[in-house]
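Inside the fold
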Amino acid sequence: MSPVGPVLPPPAGPLDARMAELADRRVPFVKATVVRVRRPASARPGDTALVLADGRIEGFVGGVCAEATVRVQALRTLRDGESLLLRISPREAADGAGEPVVEEGAVSVRNPCLSGGELEIFLEPLRPAPRVLVFGESPIARALLAFGPALGYGITPVPGAGALDADALVGAGAVVIASHGRDEERVLTAAVRAGVPYVGLVASPRRGAAVLTGLGHELDGEQRARVRTPAGLWIGARTPGEIALSILAEVVGVVRAVRAPQAGTAEAAAEPAAETEAAVTEAAAAVPVTAVDPVCGMEVAVSESATPYSDAGGAARHWFCGTACREAYEQDPARHAAAGPS
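Residues numbered from 1 in each chain as written. Predicted model: local features only at pLDDT ≥ 70, side-chain atom pairs only at ≥ 80, totals over all residues. Heavy atoms only, no water.

With five bridges joining them, strand E1 (residues 29–38) and strand E2 (residues 48–52) adopt antiparallel strand pairing. Paired with Ala-32 across the strands is Ala-49, a residue of E2. Of the pairings in the sheet, the one linking E1 to strand E7 (residues 118–126) comprises nine bridges and is antiparallel in character. Pairing of Arg-38 across the sheet is with Glu-118, part of E7. (Pairing = 2+ DSSP bridges. Helix = DSSP H or I, 4+ residues; strand = E, 2+ residues; numbered from the N terminus.)

Here we take up the packing of aromatic side chains. This model, assessed by the stated rule, comprises two aromatic pairs. Their ring planes at 50° and their centres at 5.1 Å tell us that Tyr-309 and Trp-319 sit as a pair that is tilted. A residue pair is termed long-range when its members are at least 10 positions apart, and Tyr-309 in strand E15 (residues 309–310) and Trp-319 in strand E16 (residues 318–319) qualify at ten residues. Taking the centre distance of 5.3 Å and the plane angle of 50° together, the rings of Phe-320 and Tyr-329 count as tilted. Judged on exposure class, the residue Phe-320 and its partner Tyr-329 are both buried. (Phe/Tyr/Trp six-rings, centres within 6.5 Å; stacked < 30°, edge-to-face > 60°. Buried < 20%, exposed > 50% of the residue type's maximum accessible area, 1.4 Å probe, protein only.)

The next thing to look at is the environment of Val-34. Structurally, Val-34 can be placed in strand E1. For Val-34, a relative accessible area of 1% corresponds to the buried category. Remark: the alpha-carbon pair of Val-34 and Leu-85, spanning 51 residues in sequence, is separated by 9.7 Å. Apart from residues no more than four positions distant in its own chain, Val-34 is found in contact with Ala-43, Arg-44, Pro-45, Gly-46, Asp-47, Val-61, Leu-119, Glu-120 and Ile-121. (Contact = heavy atoms within 4.5 Å.)

Turning our eyes to something else, we now look at the sheet that holds E2. Pairing is mixed across the open sheet formed by seven strands, whose spatial order is E3-E2-E1-E7-E4-E6-E5. Either end of the sheet is taken by a strand with one partner, and the two such strands are strand E3 (57–59) and strand E5 (101–103). Averaged over all pairs of adjacent strands, the angle between strand axes in this sheet comes to 25°, irrespective of strand direction. Packed onto the sheet, helix H1 (residues 14–24) meets E1, E2 and E3 and runs at close to 30° relative to E2. (Axes fitted to C-alpha atoms, helices over the stretch in contact; angles between N-to-C directions.)

We now examine the pairing of strand E8 (residues 131–135). In terms of burial, E8 is largely enclosed, as five of its five residues are buried. Here E8 shows a buried face lined by Arg-131, Leu-133 and Phe-135 and a second buried face lined by Val-132 and Val-134. The sheet contact formed by E8 and strand E9 (residues 154–158) spans five bridges and is parallel. Bridge pairing in E9 links Val-132 to Ile-155. The pairing of E8 with strand E10 (residues 172–177) spans five bridges and is parallel. The partner of Val-132 across the bridge, within E10, is Ala-174.

Turning our attention to a nonpolar patch on the surface. A grouping of Leu-233, Ile-235 and Leu-245 is seen on the molecular surface, where their side chains present a nonpolar patch of about 270 Å² in accessible area. Within the secondary structure, Leu-233 sits in the loop between strand E12 (227–228) and helix H9 (240–259). Judged by relative accessible area, Leu-233 falls into the partly exposed class, the value being 42%. (Patch = residues over 30% accessible without salt bridge, like charges linked within 9 Å, V, L, I, M, F, W, Y side chains within 5 Å. Areas by Shrake-Rupley, 256 points an atom, 1.4 Å probe, with all protein chains shown as cover. Salt bridge = Lys/Arg side-chain N within 4 Å of Asp/Glu carboxyl O.)

Looking now at the pattern of salt bridges. For the structure on display, the rule yields 15 salt bridges. Close ionic contact of Glu-58 with Arg-18 constitutes a salt bridge, the shortest N to O distance being 2.9 Å. Of this pair, Glu-58 sits in strand E3 while Arg-18 sits in helix H1, and the two are 40 residues apart along the sequence. When its relative accessible area of 14% is taken as the criterion, Arg-18 is described as buried. Residues Glu-304 and Arg-317 are paired through a salt bridge, measuring 2.8 Å at the closest nitrogen-oxygen approach. Placement of the pair is Glu-304 in the loop between strand E14 (299–301) and E15 and Arg-317 in the loop between E15 and E16, with a sequence separation of 13 residues. Looking at Glu-304, the relative accessible area reads 38%, which means it is partly exposed. Among the residues examined, Arg-317 registers a relative accessible area of 31% and is labelled partly exposed.

Here it is in structure tokens:
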């Protein structure tokens with residue numbers, strides 16, 4: 001009997017390498033995996049694609065019509081941070097009105113452009129953990145660092161005030177200063193000017209107010225008001241660990257508020273998101289802007305880099321699920337505008 005060798009994992013494919021690259025650069029994206037197919041359909045179970053924050057799709061989960069639906073729903077999961085099972089069918093939804101049917105953890109969407117088959121696609125948003133920079137070597141600073149693994153946040157120490165330059169602050173969700181007076185002004189000024197969502201100063205109310213007053217020549221009143229001091233929620237904390245817990249609770253509230261649904265604009269959605277850490281918070285917080293294809297009635301994402309569009313037929317720009325609908329519209333814009341989606 002010949003010996004059995006070790007079972008080796010299959011070699012990483014191009015998408016695996018791409019996912020690793022995006023993760024290393026802290027760029028948010030959605031992994032879309034086909035889990036079930038009802039023929040006729042061009043996709044197969046196991047087909048995978050990545051959906052980026054600007055709507056671009058890398059990989060394959062179906063034709064252009066399926067991609068249009070995947071793009072809209074994937075951008076919503078990227079904002080919400082919750083995985084979703086997406087069911088796409090050319091038939092009417094369960095409510096008979098053609099509107100998406102939302103269940104817990106799943107959504108069913110009618111896509112009239114499909115060739116007759118059905119798809120079920122699992123959408124998994126992969127967003128980098130919020131970065132929390134801690135300046136100082138106090139017991140509270142050490143307690144903050146200890147919470148990092150349990151919370152799943154990227155809580156890292158800042159070796160010195162000189163290390164907090166503009167590049168170091170890009171993409172940071174929070175900066176906590178717990179240095180007991182050492183270089184506080186420099187760090188506060190740099191963090192506020194960089195637009196970090198949460199800037200907290202560990203100090204007594206009296207000393208914190210004095211520090212902010214001393215920054216009057218560096219920061220205006222609105223900027224100084226963004227500094228939270230004493231840092232942390234009031235929970236009666238006394239020990240360094242309790243104070244660190246109160247600070248992180250406040251950080252979580254700010255991070256979640258930044259990622260909550262906000263009003264979007266077509267102009268903002270039209271600009272491709274840069275694949276840098278600076279785009280992380282903005283991409284995760286933005287509500288995807290959508291439009292209705294005037295030919296087939298599908299909901300599509302508004303994205304100049306990923307969605308076909310046309311300026312024919314008037315001042316308003318129209319967006320389409322694919323080039324076939326765009327070509328049909330451009331042959332007679334007035335007819336489609338008057339009749340509405342079919």
